[in-house]
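Listed below, chain by chain, are the residues.
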Amino acid sequence: MTPSTSSAITLNINGEKYTLPVDHRTTLLDALRERLDLTGTKKGCDQGQCGACTVLVDGRRAVSCLQLAVAAEGREITTIEGVADGERLHPVQQAFLDLDGYQCGYCTPGQICSALAVIEEHAAGWPSAVTADVRPEAGAAELTAEEIRERMSGNLCRCGAYVSIVEAVARAAEAARGGSAGTEAAA
């Protein structure tokens with residue numbers, strides 16, 4: 001008997017459960033876009049290099065073109081469609097809008113999902129490759145423009161909106177800390 005190459009899986013996406021039959025080789029990206037019509041997540045390079053397909057899986061960034069849908073079963077998946085609170089934009093989305101952190105908009109959903117994770121990772125004290133002092137007792141590094149650029153480096157923007165993206169992440173991070181919505185860190 002030949003083993004089956006497909007099965008029914010249940011995905012928890014943006015707080016809703018979806019059960020669907022998938023071929024075991026189906027990527028999370030293709031399940032989202034082709035099977036569930038959640039087209040906010042974009043297919044860019046389809047090789048894990050551009051970040052356009054970035055979603056959050058259990059709160060951590062994941063390039064959905066490299067993750068199999070069957071491996072995402074039982075995990076909390078957040079796509080760009082699940083970021084806003086109804087009609088009210090998430091502060092990261094609002095900062096991208098206010099500061100023109102997009103041009104054509106194609107990479108924007110992945111940029112926003114990545115920015116959400118960046119802000120959480122920084123708040124949790126995770127160092128980056130450019131963090132000067134990585135000792136736990138040093139605490140979280142200041143979220144400078146250099147830190148933001150490094151932390152967002154897995155997301156490419158062909159239009160070159162990087163300056164505005166860095167400013168948007170800095171503003172949203174400041175708002176998350178309860179401070180003013182300035183862009184001092186992006187300077």
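Use the structure listed above.
Along each chain, residue indices are assigned from 1 in the same order as the chain's sequence is written. A pLDDT threshold of at least 70 governs which residues receive local features in this predicted model, and a stricter bar of 80 or more applies before side-chain atom pairs are shown or counted, although totals over entire chains, interfaces and linings include all residues. Values shown for side chains rest on all heavy atoms present in the structure; no hydrogens or waters enter the calculation.

Peer 1: Looking at this structure, how should I read the overall build of the chain?
Peer 2: By definition, any uninterrupted DSSP run of H or I lasting at least four residues is a helix, any uninterrupted run of E lasting at least two residues is a strand, and each is numbered from the N terminus. For the chain, the count of helices and strands is 5 helices and 5 strands. When the elements of the chain are put in sequence order from the N terminus, they spell out β-β-α-β-β-β-α-α-α-α. Over its C-alpha trace the chain gives a radius of gyration of 17 Å, about what one expects of a compact globule, namely 16 Å for 187 residues. Over its C-alpha atoms, taken along the principal directions, the chain stretches across nearly 60 × 35 × 30 Å. With 187 residues in all, the chain has 41% of them scored as buried. Sequence-distant contacts, at least 24 apart, represent 53% of the contacts inside the chain between residues at least 6 apart. Computation of the radius of gyration draws on C-alpha atoms alone. For the globule rule, the value is 2.2 Å times the number of residues to the power 0.38. Exposure categories follow from relative accessible area, calculated using a 1.4 Å probe and restricted to protein chains: below 20% of the type maximum is buried, above 50% is exposed, and the middle band is partly exposed. Contacts are assigned to residue pairs with any non-hydrogen atoms lying within 4.5 Å of each other.

Peer 1: Looking at this structure, I do not really get the packing of helix H3 (residues 108-123) against helix H5 (residues 162-176). What am I missing?
Peer 2: Between two packed helices, both the angle of their axes relative to each other and the distance between the axes serve to describe the pair. Each axis is a line fitted through C-alpha atoms, taken for helices only over the stretch in contact, and angles between the N-to-C directions span 0 to 180 degrees. Orientation of H3 relative to H5, taken along the N-to-C sense of each, is 45°, at an axis distance of 10 Å. The orientation of H3 relative to H5 falls into the category oblique. Where H3 crosses over H5, the two elements pack in a sense that is right-handed. On H5, the residues touching Gln-111, Ala-115, Val-118 and Ile-119 of H3 are Ile-165, Val-169, Ala-172, Ala-173 and Ala-176. Taken together, the residues that form the contact of H3 with H5 break down as 8 nonpolar, 1 polar and no charged. To sort the angles, those under 35 degrees are grouped as roughly parallel, those over 145 as roughly antiparallel, those from 65 to 115 as roughly perpendicular, and the leftovers as oblique. By definition, any crossing whose near helix is turned counterclockwise from its far helix by less than a right angle is left-handed, and any crossing with a clockwise turn is right-handed. Classes in brief: Ala, Val, Leu, Ile, Met, Phe, Trp, Tyr, Cys and Pro nonpolar; Asp, Glu, Lys and Arg charged; the others, Gly included, polar.

Peer 1: What is the right way to look at the environment of Ala-95 in this model?
Peer 2: Tracing the sequence through the fold places Ala-95 in helix H2 (residues 91-98). Distance from Ala-95 to Ser-164, taken between C-alpha atoms, is 9.3 Å for residues 69 residues apart in sequence. Sequence-distant contacts of Ala-95, defined by excluding residues within four places in its chain, comprise Ala-168, Arg-171 and Ala-172.

Peer 1: Help me understand the packing of H2 against H5, please; the structure alone is not making it clear to me.
Peer 2: Look at H2 against H5: their axes get within 8 Å of each other, and the N-to-C directions meet at 140°. Looking at the two axes, H2 sits oblique to H5. Seen along the crossing, H2 lies across H5 with a hand that is right-handed. Where H2 approaches H5, its residues Pro-91, Val-92, Ala-95, Phe-96 and Asp-98 are matched on the opposing element by Ile-165, Ala-168, Val-169, Arg-171 and Ala-172. Looking at side-chain class alone, the contact of H2 with H5 contains 8 nonpolar, no polar and 2 charged residues.

Peer 1: Even after reading the chapter, I still don't get the pattern of salt bridges, so can you show me in this structure?
Peer 2: Whenever a carboxyl oxygen of Asp or Glu lies within 4 Å of a side-chain nitrogen of Lys or Arg, that contact is scored as a salt bridge. Tallied over the full model, the rule gives 10 salt bridges. Measuring nitrogen to oxygen at the nearest pair gives 3.8 Å for the salt bridge that ties Arg-171 to Asp-98. Here Arg-171 is found in helix H5, whereas its partner Asp-98 is found in helix H2, with 73 residues between them in sequence. On the accessibility criterion, Arg-171 (21% relative accessible area) is partly exposed. Each of Asp-30, Lys-43 and Asp-46 takes part in salt bridges that share partners, so that together they form one network.

Peer 1: It is not clear to me how the pairing of strand S3 (residues 54-57) should be interpreted in this structure. Could you clarify?
Peer 2: Consecutive residues of a regular strand have side chains that alternate between opposite faces of the sheet. Residues Thr-54 and Leu-56 line one face of S3 and the alternating positions Val-55 and Val-57 line the opposite face, and both faces are buried. A strand pair is defined by DSSP finding two or more bridges across the two strands. The turn linking S3 back onto strand S4 (residues 60-63) is made up of 2 residues, and Asp-58 within it adopts a positive phi angle of 55°. In terms of strand pairing, S3 meets strand S5 (residues 76-78) through 2 bridges, oriented antiparallel. Looking at the pairing, Leu-56 lines up with Thr-78 of S5.

Peer 1: Would you mind going over the sheet that holds S3 with me for this structure?
Peer 2: Picture the strands of a sheet paired through backbone hydrogen bonds; they go either parallel or antiparallel. Taken together, 5 strands build an open sheet; the order of strands is S2-S1-S5-S3-S4 and the sheet is mixed. Edge positions in the open sheet fall to strand S2 (16-23) and S4, since each of these has one partner strand only. For this sheet the average axis-to-axis angle between neighbouring strands, irrespective of direction, equals 40°. Where H3 meets the sheet, it contacts S3, S4 and S5, and its direction lies at approximately 40° from that of S3.

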